[in-house]
Structure formats: structure tokens, C-alpha cells
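Analysis of the macromolecular model
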Amino acid sequence: MSLPLSNIAKIAIFLCGLLLIASLRSDDFLQIFSPALFTKVSEDYGDEAAARVRKLKRLLERGQNLSERDKLKLINKHFNKIEFRSDQSHWGKVDYWATPIELIATGAGDCEDYSIAKYFSLRALGVAPEKLRLMYVKAVRINQAHMVLTYYPEPDSMPLVLDNLTDSILPASKRKDLIPVYSFNAEGLWQSKALNQGKRVIENSQAPWHELLNRIESGY
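The paragraphs below set out a description of the structure included in this document. Predicted model, so just to flag it, every value in this text is computed and none were measured.

A short note on the nonpolar core
Grouped together as the largest cluster of nonpolar side chains are 40 residues, with contacts concentrated most on Phe33, Val41, Val53, Leu60, Phe79 and Leu122. Broken down by secondary-structure element, the contributors of at least two residues to this core are α2 (35-45), α3 (47-62), α4 (68-80), α6 (100-106), α7 (111-124), β3 (132-139), β4 (144-151) and β5 (160-163). No other element matches the 8 residues that α7 contributes to this core. The contacts of Leu122, once residues within four sequence positions are left out, are Lys71, Leu72, Ile75, Val127, Leu132, Leu149 and Leu162. Listed in part, the 8 residues of the second largest apolar core include Val137, Tyr152, Val161 and Leu178.

Observations regarding α7
Quick reminder: α-helices carry 3.6 residues per turn. Residues three or four places apart thus point the same way. Taking 1.5 Å per residue, 14 residues should reach 20 Å; α7 reaches 20 Å between its end C-alpha atoms and fits that length. By the criterion of burial, α7 is predominantly enclosed, with 14 of the 14 residues buried. Gly126 lies just past α7 and shows a positive phi near 95°.

With respect to the side chain of Asp177
The topology assignment puts Asp177 in the loop between β6 (166-171) and β7 (178-185). Among the residues examined, Asp177 registers a relative accessible area of 14% and is labelled buried. Of the polar contacts made by the side chain of Asp177, one reaches the side chain of Arg141; its length is 3.0 Å. One polar contact links Asp177 to Arg175, side chain to side chain, over a distance of 2.8 Å.

Rules behind the numbers
- Residues numbered from 1 in each chain as written.
- Predicted model: local features only at pLDDT ≥ 70, side-chain atom pairs only at ≥ 80, totals over all residues.
- Heavy atoms only, no water.
- Core = buried A, V, L, I, M, F, W, Y, C linked by side-chain atoms within 4.5 Å.
- Buried < 20%, exposed > 50% of the residue type's maximum accessible area, 1.4 Å probe, protein only.
- Helix = DSSP H or I, 4+ residues; strand = E, 2+ residues; numbered from the N terminus.
- Contact = heavy atoms within 4.5 Å.
- Expected span 1.5 Å × (residues − 1).
- Polar contact = N/O pair within 3.5 Å; in protein donor to acceptor, adjacent residues only side chain to side chain.

Okay, structure coming up:
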């Protein structure tokens, strides 16, 4: 992803509204894995794509009884294997938020797609929504805007960072290569000066950004 940092707050507000709705429905993410879904993915993207989607379903089923830390490792590693590709080259659009099924089926995506897929997958594994936040950062090494998923074991704890740039899940205090900008979940939007809680600036945004969820619920 390459976005001007000035646009991040607006996008974060949209996603905050999306996650407000998603928090009510993402527990049902496993329910979309139906025979009809596999048939549609096979028709649209081929049999190998459908096999990848089936693999994700099996992974989510196997991961139900793991500890939360092991769930983080399982999901982070699984999605990080997918090829990185910009929205422009992959979808022919400057910015496109893929559903987890689109990410898996097409076999490529960008940092937003990884983070969204990890969020929905961890929610399907029973991780509470208040423990998860999507965070926009500036990635120093690649010198561009970037998105990661953060996990808070306790409300006031230093979060762990799930990042497509590395399989290592480290405390945010050890990710000196990331400069935080905003983090958000279904509860609100936080302006961050450090990779921790930050200052809440918006609560329960109702931004009209439901298109991604509609695609997920319709089978993608």
C-alpha cells in the first residue's frame, strides 16, 4: 500500500465504521464456507483457488482450541505466505479492500488485505473484538504508509503486532521501524503517538462503508 499519510485518517474512519458492523457479524465468518462458495470460487478463479479456500476453512476449524497466542501465530503465518501485490497491479484500482476470500482465492493482496483477513480469521477463532485493532503506521524501512493488526492481551497492555513484513509477532515497543498514526476497531478510532493505546478521537463511527461486508456475506 502506498497512501499519503494525510488520507489515512479518513480511510481509518471508514474502516472504523466497517468494523463496528463487522464486530456483530464476524463470528459467522466460518458460515460462509459452503459448497456453493467453493463452486463459485472454482468457477471464477479455478480449482487451485477453491483448494486454498478449503484449506483456510480447515485451518479455522483446527485452530478453535488453541491458546490465543497460538491462534495469532497460526493466522499471521498463514496469510503472510500470500504474495504481496499492489491494488493497482492486482485489481486495476488505486485502492481496493479485498475480502479474505478474495485474498485467498486470487493468491495476492496488499497490507490492508492481510490485516483485514487476519482480523476476520481471529474473530472466527473466538478472539474478542476489543483485543484487536487495525493500525495505520508509517513503515520506515519502505518509507510508506502501511497497515498492521495489533492484539491487546489486556486493555492497557502493550500490543503485539501482526505484520505481513515479518512472521515474528513482537511487542509494539520492539517495532522501532513503525511510526504509528491511527488505530481503530469497532469501538472507535485512536490517534497514536506511540504503539500503544493512544488517544481516542472518534467513538462508534457509523461511516457508510458496508460494501466489503456485503461481499463477505454474499459469499466473497
